[in-house]
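Okay, here's what each chain looks like letter by letter:
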Amino acid sequence: MKILYYIVLAVWYVFSLLPLRVHYVLSDIMFWMLYGLVGYRRKVVYENLTESFPEKSEEELRKIERGFYHFFCDYLVETVKLMTISREELKRRMVFKGTELIEESIDNGQSCALYLGHLCNWEWVSSLPLWLSPKVHCGQIYHPIENKAFDRLFLRSRQRMGAESIAMQDTLRKMVDYRRIGQPVIIGYISDQKPHWVNIHHWVDFLHHDTPVLTGTERIAKKMNHAVFFLDIRRVRRGYYEADFKLVTREPQKMKDYEITDIYFEMLEKNIRQAPEFWLWSHDRWSRTRKEFDERFEVVNGKVIPKDTEINRLCGLVK
């Protein structure tokens, strides 16, 4: 495993040293291969687009589809470049606005939860520490990669600018630890993924879909009393992004259950509609339906469990 890690690291590092203009030439070649030659997940992408934008013509949808594949290939090479890009260059290319709102919360003794989506280059958001005072500890929640070598590689790249990558299963424990030692934090949560069946507690109308959503970010923000923000991000031009901090609430504990989650998805949809080609359409986001959920699962004492009563009895979930 160590040998694999160092081999891939060497290759990644060498390619990362290439100027971004060369990376974009490689991206254009990759676009031709993924979109035209291989047709990578084109059925999923086009189906997601047609169901999300029923008001658009086929010509408009195909334009968005092509734009998505162009962007996706750019995202891949930009992620490779993150391994060696200088702080100065990344700060020019990934600009954050409204950071004074974060500093205001921190100065008032309140840490922050930051909602974002798989929109534009979410990997470059890890450069946020370059824009905040050193007293603020930045972090991002992530899913560990099963392959340990690749997991180490991505952690090395994502943490170069000073933001800590926190495994999803460790999130609450880490937040409690930070509060115990008095460390102010801002933690980024990419919360537009498809939840596992047992984690479905809420549904929202998102891009014309009845959508099961993750609610863990809201629960943690309420438990820790973190100020909640949304990161409104856009691509200015190829290789350049701007991200604005939008305040959702500084009083999460006063919000109704799932209200913060609903606001997040409303803001995310608005952000996506501004330039839909920059969202991750290749993800099979809506494969889990409410109909199948109702057929297979039930909620007992706040837990989602299978409807097989014999299994439930053996697990001690019902009497």
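As a reminder, the structure under discussion sits directly above these lines.
What counts, and where the lines are drawn
- Residues numbered from 1 in each chain as written.
- Predicted model: local features only at pLDDT ≥ 70, side-chain atom pairs only at ≥ 80, totals over all residues.
- Heavy atoms only, no water.
- Helix = DSSP H or I, 4+ residues; strand = E, 2+ residues; numbered from the N terminus.
- Rg over C-alpha atoms; globule rule 2.2 N^0.38 Å.
- Buried < 20%, exposed > 50% of the residue type's maximum accessible area, 1.4 Å probe, protein only.
- Contact = heavy atoms within 4.5 Å.
- Areas by Shrake-Rupley, 256 points an atom, 1.4 Å probe, with all protein chains shown as cover.
- Lys, Arg positive; Asp, Glu negative; His and termini not counted.
- Charge placed at Lys NZ, Arg CZ, Asp CG, Glu CD.
- Pairing = 2+ DSSP bridges.
- Salt bridge = Lys/Arg side-chain N within 4 Å of Asp/Glu carboxyl O.
- Polar contact = N/O pair within 3.5 Å; in protein donor to acceptor, adjacent residues only side chain to side chain.
- Axes fitted to C-alpha atoms, helices over the stretch in contact; angles between N-to-C directions.
- Parallel < 35°, antiparallel > 145°, perpendicular 65-115°, else oblique.
- Left-handed = near helix turned anticlockwise from the far one by under 90°.
- Nonpolar A, V, L, I, M, F, W, Y, C, P; charged D, E, K, R; others polar.
- Arc of directions from axis to C-beta.
- Phe/Tyr/Trp six-rings, centres within 6.5 Å; stacked < 30°, edge-to-face > 60°.
- Lys NZ or Arg CZ within 6 Å of the ring centre and 35° of its normal.

S.K.: Residue-level account of the overall build of the protein, with values.
M.R.: In terms of helices and strands, the protein carries 12 helices and 11 strands. A compact globule built from 319 residues should have a C-alpha radius of gyration of about 20 Å, and the protein, at 21 Å, falls within 12% of that. Counting only C-alpha atoms, the protein reaches 65 × 50 × 45 Å along its principal axes. For the protein, with 319 residues in total, the buried portion stands at 50%. Contacts in the protein between residues far apart in sequence, at least 24 positions, make up 75% of those at least 6 positions apart. Total accessible area on the protein stands at roughly 16100 Å², and carbon and sulfur atoms take up 55% of it. Charge separation in the protein, taken as the distance between the mean sites of 48 positive and 43 negative side-chain charges, equals 5 Å.

S.K.: Can you break down the pairing of strand E2 (residues 112–116) residue by residue, with the values?
M.R.: Of all 5 residues in E2, 5 are buried; the element is thus mostly enclosed. Neither face of E2 is exposed, since Cys-112, Leu-114 and Leu-116 on one face and Ala-113 and Tyr-115 on the opposite face are all buried. For E2 and strand E5 (residues 185–190), the ladder comprises 5 bridges, and the chain directions are parallel. Pairing of Leu-114 across the sheet is with Gly-188, part of E5.

S.K.: With reference to specific residues and values, describe the pattern of salt bridges.
M.R.: Side chains bearing opposite charge may pair, as long as their charged atoms lie close to each other. Per the counting criterion, the structure on display carries 25 salt bridges. Across the pair Glu-55 and Arg-273 runs a salt bridge whose closest N-O atoms are separated by 3.6 Å. Note that Glu-55 is positioned in the loop between helix H3 (42–52) and helix H4 (58–81) and Arg-273 in helix H10 (residues 259–274), a separation of 218 residues in sequence. Look at Arg-273 and you get partly exposed, because its relative accessible area is 34%. The network of salt bridges with common partners includes Asp-28, Asp-74, Arg-235 and Arg-238.

S.K.: So what's going on with the side chain of Arg-285? Residues and values would help.
M.R.: Along the polypeptide, Arg-285 turns up in the loop between H10 and helix H11 (290–296). Buried within the structure, Arg-285 lacks any salt-bridge partner; Asp-192 is the closest side chain of opposite charge, at an N-O distance of 6.3 Å. For Arg-285, the side chain forms a polar contact with the main-chain oxygen of Asp-192, separated by 2.7 Å. Once residues within four sequence positions are removed from consideration, Arg-285 is found in contact with Asp-192, Gln-193, Lys-194, Pro-195, Thr-211, Pro-212, Val-213, Phe-265 and Trp-279.

S.K.: Pulling in residues and values, what's your account of the packing of H3 against H4?
M.R.: It is at 10 Å that the axes of H3 and H4 come closest, and there the two elements cross at 130°. Relative to H4, the element H3 lies oblique. The way H3 lies across H4 gives a crossing that is right-handed. Residue-level contacts link Arg-42, Val-45, Tyr-46, Leu-49 and Thr-50 of H3 to Glu-58, Leu-61, Arg-62, Ile-64, Glu-65, Phe-68 and Tyr-69 of H4. In terms of residue class, the contact of H3 with H4 is built from 7 nonpolar, 1 polar and 4 charged.

S.K.: How would you sum up helix H8 (residues 171–181)? Please name residues and give values.
M.R.: Looking only at H8, the buried set comprises Thr-171, Lys-174, Met-175 and Tyr-178. Along the axis of H8, the buried positions cluster into a sector of 100°, meaning they face one direction only. Lining the buried residues of H8 we find strand E3 (137–142), strand E4 (164–167), E5 and helix H9 (216–224). Once H8 ends, the next one or two residues include Gly-182, with phi positive near 75°.

S.K.: Account for the packing of helix H2 (residues 20–38) against H4, naming residues and giving values.
M.R.: For the pair H2 and H4, interaxial distance at closest approach is 8 Å and the crossing angle is 135°. Considered as vectors, H2 and H4 are oriented oblique to each other. With respect to the hand of their crossing, H2 and H4 are arranged in right-handed fashion. Where H2 abuts H4, its residues Leu-20, His-23, Tyr-24, Ser-27, Asp-28, Met-30, Phe-31, Leu-34 and Tyr-35 lie against Glu-65, Arg-66, Tyr-69, His-70, Phe-72, Cys-73, Asp-74, Leu-76, Val-77, Glu-78, Val-80 and Lys-81. In terms of residue class, the contact of H2 with H4 is made up of 12 nonpolar, 3 polar and 6 charged.

S.K.: Please set out the packing of aromatic side chains residue by residue, giving values where relevant.
M.R.: Think of a pair of aromatic rings as described by two things: how far the centres are apart, and how the planes are tilted against each other in angle. Counted under the stated rule, the structure contains 27 aromatic pairs. Ring centres of Tyr-264 and Phe-265 lie 4.7 Å apart, and the angle between their planes is 65°; this geometry places the pair in the edge-to-face category. Across the pair, exposure class does not vary: Tyr-264 and Phe-265 are buried alike. We note Lys-56 situated over the ring of Phe-53; from NZ or CZ to the ring centre the distance is 5.6 Å. We note Arg-62 situated over the ring of Tyr-46; from NZ or CZ to the ring centre the distance is 3.7 Å.

By themselves, these figures tell us nothing about what the structure is for.
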